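Working through the structure, step by step
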Amino acid sequence: MITLQRISKRLGGRTLLEEVTVSFNQGNRYGLTGPNGCGKSTLLKMMMGLESPTSGSVSLPEKVGFLRQNIEDFQEEKVVNAVIAGNEILAKALAERDRLYEQEITDEVGMRLGELEEIIAEEGGYTADADAEILLEGMGVSTAFLEIPLKEIPLDKQFRVLLCQALFGNPQALILDEPTNHLDLESIGWLEKFLREYKGTLLVVSHDRHFLNAVTTHIADIDYETLIIYKGNYDEMVEAKTAVRARAEHENKAKEKKIAQLREFVAKFGAGSRASQVQSRVREMRRLAPLELKKSNIQRPYIRFTLPETSSGQVVFQIKHLAKSYGDKQVIENFETEIHRGEKIGVIGNNGAGKTTLLKMLTGQISPSLGEIVQGNGTVVGYFPQNHRDLVDTHSPLSIFDWLKEQKQGVYDQDIRGVLGKMLFSGEDAFKKVANLSGGELARLILGGITLMDPNVLVFDEPNNHLDLEAVSALGWALKEYPGTAIVATHDRDLLDQFSPSKLFVFEEGRLSIFPGSLQDYLQAQN
């Protein structure tokens, strides 16, 4: 069980949490939700003692698995040892045992070795390598990497190793911040099954709606400067929360109507002979005073992509004998197809397989090794890169207003103001510097810039990264309603389902192929 006792957290003049007391019980799986900046990651850090609350205390079980982001601390460790480090007691015992075996074996050293062997046995140390290997295989990390230093394997695999580290050693509680980042669809499916079978207390932050719905039994929602527990998954929480808010607003309106009637009576007879009745109604008015409803911090941006006056040609991209390699690694080989006006295409595959490479070649960011991509007449491309820095200079002194103004020649100031409002930038936010934006704000700024362009082709590479759940939902709706051509690479199954592509570009087993159907069709065909 994890218990928060009267936790408050303030940053500057802003209150994130106020006097929160709550328990997360064993056997329950909680999704921690709330918009970007509400304090989700801050709360997890306070639980793990990495950040201090303004007031209050946290109680944790003895063994807690925590998804860390400190890859640099394990760069020299072998992959298998980096995973075993998730059980701190075992890792320390193994390290001390190895050191002692390098010394002369005295009676004292022998006694200590005996004690260490007992600890290692109790902590499952004799099956630790095999247990670590099972986790790594599930996460798509090859067993060939087991004895290799962490720094020598691909970066996305390093993040997966840290996730295995959090899961290792049968912890009594798991605290995971965005565990599906850097995972492909197959690994996400494995993690979902693992977590559904987990018997401890799970607390997870994720922007993947499908993942939250598949894994959670409860939602812990940060809103109104507090934390409210809802039973059920994310979709059930949204339904319950909306109903509670609507009911409270309805009750307030009914009270206001009744108070108006009472006020009319008081005004009419206040100076007359019905003083007792007037006083009774005054008391009733006080009793009926509507509850002050705090403003919810859940906001959804309004995203809509419109077409320019000039449409693209019937063939948007013609891809001829396309090949791309990096050194000895062949990413794409002899790929041919045509992308037609109005097509919706999803791009799926493991990290590092070539999705970003393909999209960068489509948008002219990089050149193919062989073959060519011919862009159709009248094509206006709106590009959302996976790495936001490919599009936005995050060291720029520009304000977000000035950055948007650069995206379209002759754009009116009121149009920019309109885009900023739709992307949840209000008032003085227009003067925020691009360099000071969070990941979520930067993603919304890029989307705002694309809406100004009126593109007839969208090429989006993992656009859901850094967006909160409501923003991802708004983006999915916008892509579905978009009448132009859209090519979207993402691991977010909910976004793909909402986007509803008619075909998929699939990177699988070292080759790029075309699947004529939706993600659901593809997954069914795989079974």
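An account of the accompanying structure is given in this report. A quick note: this is a predicted structure, and the numbers were derived from the prediction, not measured. (Residues numbered from 1 in each chain as written. Predicted model: local features only at pLDDT ≥ 70, side-chain atom pairs only at ≥ 80, totals over all residues. Heavy atoms only, no water.)

1. Things to note about the layout of surface pockets
What counts, and what does not: Here a cavity denotes grid points, spaced 1 Å and computed from the protein atoms alone, that fit a 1.4 Å probe unable to get out, and a pocket denotes an open set having protein on both sides within 12 Å along at least 5 of 7 lines; residues with an atom within 4 Å of a point are the lining. Grid points are joined across faces, edges and corners, and a volume is the space filled by probe spheres set on the points. Strands here mean DSSP runs of E at least two residues long; helices mean DSSP runs of H or I at least four residues long; both are numbered from the N terminus. For this classification, Asp, Glu, Lys and Arg are treated as charged, while Ala, Val, Leu, Ile, Met, Phe, Trp, Tyr, Cys and Pro are nonpolar and the rest, including Gly, are polar.
Taken as a whole, the second largest pocket encloses approximately 590 Å³ of empty space. If you go around the second largest pocket, you meet 26 residues; those closest to its centre are Glu 186, Asn 350, Phe 507, Glu 508 and Tyr 522. Counting only elements with at least two residues in the lining of the second largest pocket, the list comes to α6 (155-167), α7 (185-197), β11 (329-340), β12 (344-349), β17 (503-508) and α17 (519-526). Here the lining of the second largest pocket is built from residues that sort into 9 nonpolar, 8 polar and 9 charged.

2. Examining the sheet that holds strand β18 (residues 511-515)
What counts here: We call two strands paired when DSSP finds no fewer than two bridges between them. Angles run from 0 to 180 degrees between N-to-C directions of axes, and those axes are lines fitted to C-alpha atoms, restricted for helices to the stretch in contact.
Reading across the sheet, the 6 strands line up as β14-β15-β16-β12-β17-β18 and stay open at both edges, with mixed pairing between neighbours. Every interior strand has two partners, whereas the edge strands, β14 (381-384) and β18, have only one. If you compare each strand with its neighbour and ignore which way they point, the axes differ by 15 degrees on average.

3. Some points on the pattern of salt bridges
Operational definition: A pairing counts as a salt bridge when a side-chain nitrogen of Lys or Arg comes within 4 Å of a carboxyl oxygen of Asp or Glu. Buried residues are those whose accessible area, probed at 1.4 Å on protein chains only, stays under 20% of the maximum for their type, while exposed residues exceed 50% and partly exposed ones sit between those limits.
Enumeration over the complete set of coordinates arrives at 22 salt bridges. The shortest N-O distance in the salt bridge between Asp 235 and Arg 209 comes to 2.8 Å. Taken together, the residues span a long stretch of sequence, with Asp 235 in helix α9 (residues 234-269) and Arg 209 in helix α8 (residues 209-215) at a distance of 26 residues. Of the residues examined, Arg 209 reaches a relative accessible area of 15% and is grouped as buried. Taking the shortest distance from any N to any O, the salt bridge between Lys 320 and Glu 372 comes out at 3.8 Å. Note that Lys 320 is positioned in strand β10 (residues 315-326) and Glu 372 in strand β13 (residues 370-375), a separation of 52 residues in sequence. A relative accessible area of 30% places Lys 320 in the partly exposed class. Under the relative-accessibility criterion, Glu 372 is labelled partly exposed at 39%. Each of Glu 96, Arg 112 and Glu 115 takes part in salt bridges that share partners, so that together they form one network.

4. Things to note about the packing of helix α5 (residues 128-138) against α7
Condition: Under this scheme an angle from 65 to 115 degrees is roughly perpendicular, one under 35 degrees roughly parallel, and one over 145 degrees roughly antiparallel; angles in between are oblique. Throughout, a contact is declared for two residues whenever any of their heavy atoms are within 4.5 Å.
Orientation of α5 relative to α7, taken along the N-to-C sense of each, is 130 degrees, at an axis distance of 9 Å. In terms of orientation, α5 and α7 fall into the oblique class. Packed against α5, whose contacting residues are Ile 134, Leu 135 and Gly 138, the element α7 presents Ser 187, Trp 190 and Phe 194 at the interface. Split by residue class, the contact of α5 with α7 holds 4 nonpolar, 2 polar and no charged.

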